[in-house]
Number of protein chains: 4
Amino acid sequence: MEDDTLEYSLNSRKVAEATEEWLRRRGVQKQEIGELVMHLQRTYYPELTMEECLESVERVLSKREVQNAILTGIQLDILAEQGKLLPPLQDIVFNDEGLYGCDEVLSMAIVNVYGSIGYTNFGYIDKMKPGVLKRLNEKNGKDVHTFLDDIVGAIAAAASSRIAHRKQAEKEKQGIQPDDD
Amino acid sequence: MEDDTLEYSLNSRKVAEATEEWLRRRGVQKQEIGELVMHLQRTYYPELTMEECLESVERVLSKREVQNAILTGIQLDILAEQGKLLPPLQDIVFNDEGLYGCDEVLSMAIVNVYGSIGYTNFGYIDKMKPGVLKRLNEKNGKDVHTFLDDIVGAIAAAASSRIAHRKQAEKEKQGIQPDDD
Amino acid sequence: MEDDTLEYSLNSRKVAEATEEWLRRRGVQKQEIGELVMHLQRTYYPELTMEECLESVERVLSKREVQNAILTGIQLDILAEQGKLLPPLQDIVFNDEGLYGCDEVLSMAIVNVYGSIGYTNFGYIDKMKPGVLKRLNEKNGKDVHTFLDDIVGAIAAAASSRIAHRKQAEKEKQGIQPDDD
Amino acid sequence: MEDDTLEYSLNSRKVAEATEEWLRRRGVQKQEIGELVMHLQRTYYPELTMEECLESVERVLSKREVQNAILTGIQLDILAEQGKLLPPLQDIVFNDEGLYGCDEVLSMAIVNVYGSIGYTNFGYIDKMKPGVLKRLNEKNGKDVHTFLDDIVGAIAAAASSRIAHRKQAEKEKQGIQPDDD
């Protein structure tokens with residue numbers, strides 16, 4: 001088992017747990033991310049189940065690279081909500097300014113974990129804002145989700161890429177699990 | 001004036017001219033790319049003119065990074081059309097295989113020239129395939145535009161980012177040209 | 001002149017000024033970034049002057065994409081110094097943890113502004129830590145420059161790419177200014 | 001077992017086999033890539049074995065994204081050797097022109113498979129050209145490795161990132177295999 005006396009900064013389990021908890025506290029359910037994946041992939045794989053979508057979301061969320069981007073983005077959202085960023089960054093993040101771009105940069109680091117085939121899905125979903133993305137993107141003058149809406153779209157895009165890879169492997173190998181996760 | 005006795009590989013004018021010519025030979029009019037830009041930006045800037053769209057397309061096309069990606073992508077399309085790539089790459093490019101991804105990778109190098117704010121527009125247009133992208137994406141068993149459709153979308157996305165930056169500058173400076181091109 | 005009654009979040013001049021000021025407050029002189037550029041490019045262009053290096057640094061710093069990445073990275077460094085990030089992100093950023101990666105992600109957004117030819121220079125300088133990068137990277141248990149050291153290296157790498165493009169243009173056009181900045 | 005009657009373009013095994021064969025034909029031994037990994041990681045993990053380095057190289061090479069980039073890059077190298085690219089691309093690739101950049105772009109797609117922490121190692125090794133990279137980079141007026149030298153460096157950088165993730169996991173879990181590969 002894990003050794004809790006290790007330095008906190010090097011405890012991967014705590015990083016993973018914090019990621020789960022922060023997503024939940026910011027109002028994002030895994031089920032909702034799974035629905036974005038289903039939205040993106042249903043046309044290509046009519047038999048796709050929500051269980052498969054959720055499994056891919058879990059695998060994306062298990063990557064350290066992804067966890068780091070999620071924690072960093074949510075942190076900046078929270079600080080902007082509390083008015084604690086320095087000007088002019090406070091105004092930029094609070095207002096989700098169109099020329100900012102660092103939210104997209106962090107999100108692409110998530111998409112990249114399953115490769116460049118996810119770029120299209122990320123951009124599409126980030127523009128159309130289906131499901132949970134619509135809710136995250138609503139401005140009520142209080143909640144800030146400048147990073148989180150892009151991040152959630154990126155998780156869904158990466159999970160979709162993973163499904164595309166696995167469906168191909170299933171087709172070729174007739175049920176034998178691919179090992180390239 | 002330019003010195004034509006320079007080594008060909010280092011003659012930027014010829015690289016620029018080849019880019020123009022190859023796009024034309026592959027059936028892409030700048031006007032059509034301008035229409036993609038208009039499609040992407042009209043909602044945000046109702047006063048946007050086609051002239052401004054075309055000017056931004058020209059500026060994107062003047063970048064060496066962009067020219068390199070265009071020439072490389074079109075070259076691979078042409079070779080696939082002629083059946084001259086080695087298997088299995090021949091089949092991958094000829095069939096625009098979903099798991100390939102190198103077309104998206106080269107395209108993002110184009111988008112990046114005007115920054116990460118173009119990622120969303122690239123993905124959106126690459127999914128929706130409006131205008132010229134629809135034509136390029138039609139499979140007739142003969143023409144191959146595996147790279148070119150993504151590349152044209154990327155040029156339009158980069159030109160849109162440039163417009164977003166300039167419109168902001170115009171708004172702030174009331175007509176004074178920004179110098180960050 | 002500029003209209004100060006515009007919304008703060010859309011005032012490009014203030015974003016540019018804040019970038020200058022934050023770099024200065026965090027102890028980074030433009031001269032030091034210029035020295036990194038000189039270090040990277042001297043071998044290729046023995047006649048390169050510090051004035052040219054500094055001019056390229058200025059141009060890189062004038063890009064909005066670059067300013068956004070600088071402000072965001074320095075903000076996270078400052079908050080980590082003050083112990084104000086949420087655990088485990090606080091420990092990750094404070095300790096400049098090797099598996100973090102968001103610092104490299106933001107830095108690549110800076111490098112990308114002058115294209116992929118800067119990737120090599122960025123990685124090289126980020127590993128060798130010459131000049132100011134060595135100082136920024138020294139841990140004294142108090143100052144945090146997890147983002148800033150990568151960012152400064154990225155600015156130098158981007159400025160080097162700009163010089164490579166311009167030197168080529170000078171060689172071809174014998175003094176006529178290239179317009180691709 | 002696999003079904004050889006599937007469309008060739010969708011046969012992942014053949015893509016994997018072609019990647020192995022093309023690397024071998026172009027004179028790159030996996031052992032040599034393993035040595036680059038050892039060169040990059042020895043300082044951090046003095047106990048690191050060549051077996052571990054080779055295992056990580058194998059895992060990087062098993063990724064479809066990586067295979068696609070390798071095949072595409074080697075294809076362009078071969079065509080440039082044969083003088084079959086269209087001018088000016090022929091001269092650009094044949095001469096490994098400094099402002100080209102598409103080689104770096106494809107290489108970063110390889111590095112990204114194990115995340116942004118590999119950017120530094122890629123740039124460093126691409127600049128220093130240790131071991132096999134020195135040989136690939138020697139110009140003899142005949143062989144062209146414009147893409148391959150960057151690609152081999154990228155494989156080594158990605159394999160190094162994988163090792164960094166696994167060593168951390170081993171340290172925390174005392175031997176239990178991490179499942180994030």
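Located above this text is the structure these notes cover.
Here's what I pulled together on the structure shown here. None of these values were measured; they are calculated from a predicted model.

### A look at the interface of chain C and chain A
1) Next: Opposite the 32 residues of chain C that make contact, chain A presents 33 residues.
2) Next: Summed over both sides, the interface between chain C and chain A buries roughly 2900 Å², with carbon and sulfur atoms accounting for 71% of that surface.
3) Next: On inspection of chain C and its partner chain A, the count reaches 2 salt bridges.
4) Next: The partner of Arg64 of chain C in a salt bridge is Glu97 of chain A, and the shortest N-O contact between them spans 2.6 Å.
5) Next: For the interface between chain C and chain A, the tally reads 10 residue pairs in polar contact (both at pLDDT 80 or more).
6) Next: At the level of elements, helix H1 (12–25), helix H4 (64–81), helix H5 (89–94) and helix H6 (102–111) of chain C are the ones that each hand at least two residues to the side of chain C that touches chain A.
7) Next: For the side of chain C that touches chain A, the per-class residue count stands at 22 nonpolar, 5 polar and 5 charged.

### Remarks on the interface of chain D and chain C
1) Next: The interface of chain D with chain C comprises 23 residues on the first partner and 23 residues on the second.
2) Next: Buried surface at the junction of chain D and chain C, summed over both partners, amounts to about 1900 Å²; 70% is from carbon and sulfur atoms.
3) Next: Counting the surface chain D buries against chain C, the share from its top three residues, Leu99, Thr120 and Lys127 of chain D, is 33%.
4) Next: Here chain D is connected to chain C by 0 salt bridges.
5) Next: Linking chain D with chain C are 8 residue pairs in polar contact (both at pLDDT 80 or more).
6) Next: Counting residues per element, the ones that place at least two in the side of chain D that touches chain C are helix H6 (102–111), helix H7 (119–128) and helix H9 (146–173) of chain D.
7) Next: Here the side of chain D that touches chain C takes 9 residues from H7 of chain D, the largest share from any one element.
8) Next: When the residues that make up the side of chain D that touches chain C are grouped by side-chain class, the tally is 12 nonpolar, 8 polar and 3 charged.

### Examining the packing of helix H1 (residues 12–25) of chain A against helix H4 (residues 64–81) of chain A
Residue and element names in this part refer to chain A.
1) Next: Following both chains from N to C, one finds H1 and H4 inclined at 50°, their axes separated by 10 Å at the closest point. Viewed along their axes, H1 and H4 adopt a mutual orientation that is oblique. Every pair of crossing elements has a handedness; the one defined by H1 and H4 is left-handed. Contacts between H1 and H4 involve Ser12, Val15, Ala16, Ala18, Thr19, Trp22 and Leu23 from the first element and Arg64, Gln67, Asn68, Ile70, Leu71, Ile74 and Gln75 from the second.
2) Next: When grouped by side-chain class, the residues that make up the contact of H1 with H4 number 8 nonpolar, 5 polar and 1 charged.

What counts, and at which threshold
- Residues numbered from 1 in each chain as written.
- Chains lettered and ligands numbered in written order.
- Predicted model: local features only at pLDDT ≥ 70, side-chain atom pairs only at ≥ 80, totals over all residues.
- Heavy atoms only, no water.
- Contact = heavy atoms within 4.5 Å.
- Buried area = accessible area lost by both parts, 1.4 Å probe.
- Salt bridge = Lys/Arg side-chain N within 4 Å of Asp/Glu carboxyl O.
- Polar contact = N/O pair within 3.5 Å; in protein donor to acceptor, adjacent residues only side chain to side chain.
- Helix = DSSP H or I, 4+ residues; strand = E, 2+ residues; numbered from the N terminus.
- Nonpolar A, V, L, I, M, F, W, Y, C, P; charged D, E, K, R; others polar.
- Axes fitted to C-alpha atoms, helices over the stretch in contact; angles between N-to-C directions.
- Parallel < 35°, antiparallel > 145°, perpendicular 65-115°, else oblique.
- Left-handed = near helix turned anticlockwise from the far one by under 90°.

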